[in-house]
Amino acid sequence: MTRCGFVAIVGAPNAGKSTLLNRMAGAKLSIVSPKAQTTRFRVLGILRRGDAQILLVDTPGIFAPRRKLDRAMVAAAWTGSQDADLTLLLVDARAGLTAQVRAIAARLAEQKRRTWLVLNKVDICDRPALLPLTAELAALVSVEHTFMISAGNGDGVEDLLASLPPALPEGPFLYPDDELTDLPDRLLAAELVREQIFLQTHEEVPYGTTVETETFAERPDGSVRIDATIYVARAGQKAILIGEGGARIKSIGAKARGELGRLLERHVHLFLNVKERSGWDDERARLRAIGLDDPDG
Ligand SMILES: Nc1nc2c(ncn2[C@@H]2O[C@H](COP(=O)(O)OP(=O)(O)O)[C@@H](O)[C@H]2O)c(=O)[nH]1
Ligand SMILES: [Mg+2]
């Protein structure tokens with residue numbers, strides 16, 4: 001009998017959720033940056049362990065939302081964990097029990113989710129702090145198991161992975177065995193461009209930016225041509241993104257193309273175009289284009 005189930009990773013922004021998903025999937029499926037709120041929608045990683053298919057769900061961080069985009073991201077995070085068979089509450093052990101973590105734990109408790117506590121970043125925190133932190137969290141939400149890991153260097157991740165299959169319900173695989181994610185290639189392409197924007201620009205620029213793939217065309221020689229548009233909220237952001245003599249946009253394109261080529265396993269021609277569009281982060285159509293539902297219905 002096979003087993004198959006959804007495992008949601010929830011936590012505050014920057015806890016390391018996307019890093020953990022990528023580590024477990026063994027591939028860069030979800031983009032990662034040192035900045036909060038890099039992940040904007042739910043990303044599914046499809047893993048196979050023995051007779052089990054583990055459907056790992058990365059979610060946007062949960063925080064107090066302001067813009068329509070922010071509200072849609074937080075809604076997507078909760079939806080991502082709603083239908084999960086198991087929730088991994090991922091906590092940055094160095095940051096400890098912040099107000100955000102408290103609020104998330106309280107909500108998980110209220111919804112009576114099956115929860116496992118995963119303390120992350122143990123590579124950079126004081127070991128003696130881990131036990132009191134575990135106790136404090138266990139007082140807020142009842143957890144079945146606790147793991148201490150470093151998604152960054154992989155410590156403890158194998159142990160966590162090995163514990164998952166027996167915890168999943170019996171049932172047939174829900175996804176084909178050779179798929180890594182349900183994210184369409186067009187969206188992956190846009191995400192990898194967005195990742196470079198998060199890594200290469202600062203302050204409000206990455207938050208004021210969205211990326212959409214306009215064309216994704218396979219060529220007879222096996223390569224693929226991708227045209228993507230970067231929307232910015234303000235003219236000043238466009239200038240920063242393009243950079244002196246086009247240097248910044250060239251560097252964003254070059255890095256994203258490299259990552260994309262690795263993930264798609266073929267040669268990629270990537271063309272980027274920057275457009276100003278104020279208020280895109282409040283537009284229903286733009287939110288839909290990046291896979292989010294309008295939080296206001
Ligand atoms: N030192 C350390 N850094 C980590 C670890 N896991 C994630 N990070 C870093 O924390 C930051 C946020 O990671 P990310 O996966 O984007 O967090 P998310 O917002 O929860 O998805 C990135 O700079 C990661 O490289 C870890 O185990 N140890
Ligand atoms: Mg993330």
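Residues numbered from 1 in each chain as written. Chains lettered and ligands numbered in written order. Predicted model: local features only at pLDDT ≥ 70, side-chain atom pairs only at ≥ 80, totals over all residues. Heavy atoms only, no water.

*Asks:* What is the right way to read the overall build of the protein from this model?
*Replies:* Broken down by element type, the protein carries nine helices and nine strands. Radius of gyration (C-alpha) of the protein: 19 Å, near the 19 Å computed for a compact globule of 297 residues. Summarising its shape, the C-alpha atoms of the protein cover approximately 55 × 40 × 40 Å along the three principal directions. Scored against the burial criterion, the 297 residues of the protein give a buried share of 51%. The contacts in the protein between residues at least 6 apart in sequence include a share of 71% that link residues at least 24 apart. In the form shown here, the protein has an accessible surface area of approximately 13100 Å², with 50% of it arising from carbon and sulfur atoms. Computing the positive centroid from 38 side-chain charges and the negative centroid from 39, the protein places the two 4 Å apart. (Helix = DSSP H or I, 4+ residues; strand = E, 2+ residues; numbered from the N terminus. Rg over C-alpha atoms; globule rule 2.2 N^0.38 Å. Buried < 20%, exposed > 50% of the residue type's maximum accessible area, 1.4 Å probe, protein only. Contact = heavy atoms within 4.5 Å. Areas by Shrake-Rupley, 256 points an atom, 1.4 Å probe, with all protein chains shown as cover. Lys, Arg positive; Asp, Glu negative; His and termini not counted. Charge placed at Lys NZ, Arg CZ, Asp CG, Glu CD.)

*Asks:* Would you mind showing me how to read the layout of surface pockets here?
*Replies:* It is a probe the size of a water molecule, rolled over the atoms, that shows where empty space is left. Approximately 320 Å³ is the volume found for the largest pocket. In terms of lining, the largest pocket is formed by 24 residues, of which the most central are N14, G16, T19, V32 and S33. For the lining of the largest pocket, the element with the most residues is helix α1 (residues 17-25), which contributes three residues. Here the lining of the largest pocket is built from residues that sort into eight nonpolar, 12 polar and four charged. Its boundaries defined by the atoms lining it, the second largest pocket holds a volume of some 270 Å³. In terms of lining, the second largest pocket is formed by 16 residues, of which the most central are R42, A76, T79, G80 and G291. Each residue belonging to the lining of the second largest pocket can be placed in one class, and the counts come to 10 nonpolar, three polar and three charged. (1 Å grid on protein atoms, 1.4 Å probe; cavity = no way out; pocket = protein on both sides within 12 Å on 5 of 7 lines; lining within 4 Å. Points joined across faces, edges and corners; volume = space filled by probe spheres on them. Nonpolar A, V, L, I, M, F, W, Y, C, P; charged D, E, K, R; others polar.)

*Asks:* What is the right way to read the pairing of strand β4 (residues 86-92) from this model?
*Replies:* The two faces of the sheet receive side chains in turn, since in a regular strand these alternate between them. By the criterion of burial, β4 is predominantly enclosed, with seven of the seven residues buried. Going residue by residue along β4, you find L86, L88, L90 and D92 tucked away on one face and T87, L89 and V91 tucked away on the opposite face as well. In this sheet, β4 lies alongside strand β1 (residues 3-11) in parallel orientation, the contact comprising five bridges. Along β4, the bridge assignment pairs V10 with L89. What joins β4 to strand β5 (residues 115-120) is helix α3 (residues 99-110), and the crossover it makes is right-handed. (Pairing = 2+ DSSP bridges. Right-handed = clockwise from strand over helix to strand, strands pointing away.)

*Asks:* Just to check I follow, could you spell out the coordination of the magnesium ion (ligand 2) for this structure?
*Replies:* Around a metal, the idealised angle for a tetrahedral arrangement of four donor atoms is 109.5 degrees; for an octahedral arrangement of six donor atoms it is 90 or 180 degrees. The magnesium ion (ligand 2) binds to the protein through S18 (OG) and T39 (OG1); the donor distances cover 2.0 to 2.2 Å. Of this pair, S18 sits in helix α1 while T39 sits in the loop between α1 and β2 (43-49); the two residues are 21 residues apart in sequence, bridging distant segments of the chain. Residues S18 and T39 agree in their burial class; the two are buried. (Donors = N, O, S within 2.8 Å, 3.2 Å for Na, K, Ca; no water.)

*Asks:* Can you help me understand the side chain of T87 in this one?
*Replies:* Here T87 shows up in strand β4. A residue is classified by how much of its surface remains accessible, and T87, at 0% relative accessible area, is buried. When near neighbours in sequence (up to four residues on either side) are disregarded, T87 contacts A8, V10, S81, L108, R113, R114, T115 and W116.

*Asks:* Could you clarify how one ought to interpret the side chain of R286 in this entry?
*Replies:* On the secondary structure map, R286 appears in helix α9 (residues 284-289). You can call R286 buried: its relative accessible area is 12%. In this structure, R286 is in contact with E212, Y231, R277 and W280, ignoring residues within four places of it in sequence.

*Asks:* Just checking my understanding: could you explain the site of ligand 1 for this structure?
*Replies:* Among the 18 residues in the neighbourhood of ligand 1, the closest are listed as N14, G16, K17, T19 and D123. In the model, an oxygen atom of ligand 1 is placed 2.9 Å from a nitrogen or oxygen of the N14 main chain. Between ligand 1 and K121 there is a distance of 3.1 Å, counted from an oxygen atom to a side-chain nitrogen or oxygen. For ligand 1, whose unbound accessible area comes to 580 Å², protein coverage reaches 83%. Here ligand 1 is seated within the largest pocket. (Near = heavy atom within 4 Å. Polar contact = N/O pair within 3.5 Å; in protein donor to acceptor, adjacent residues only side chain to side chain. Sits in = over half its atoms within 2 Å of the grid points.)

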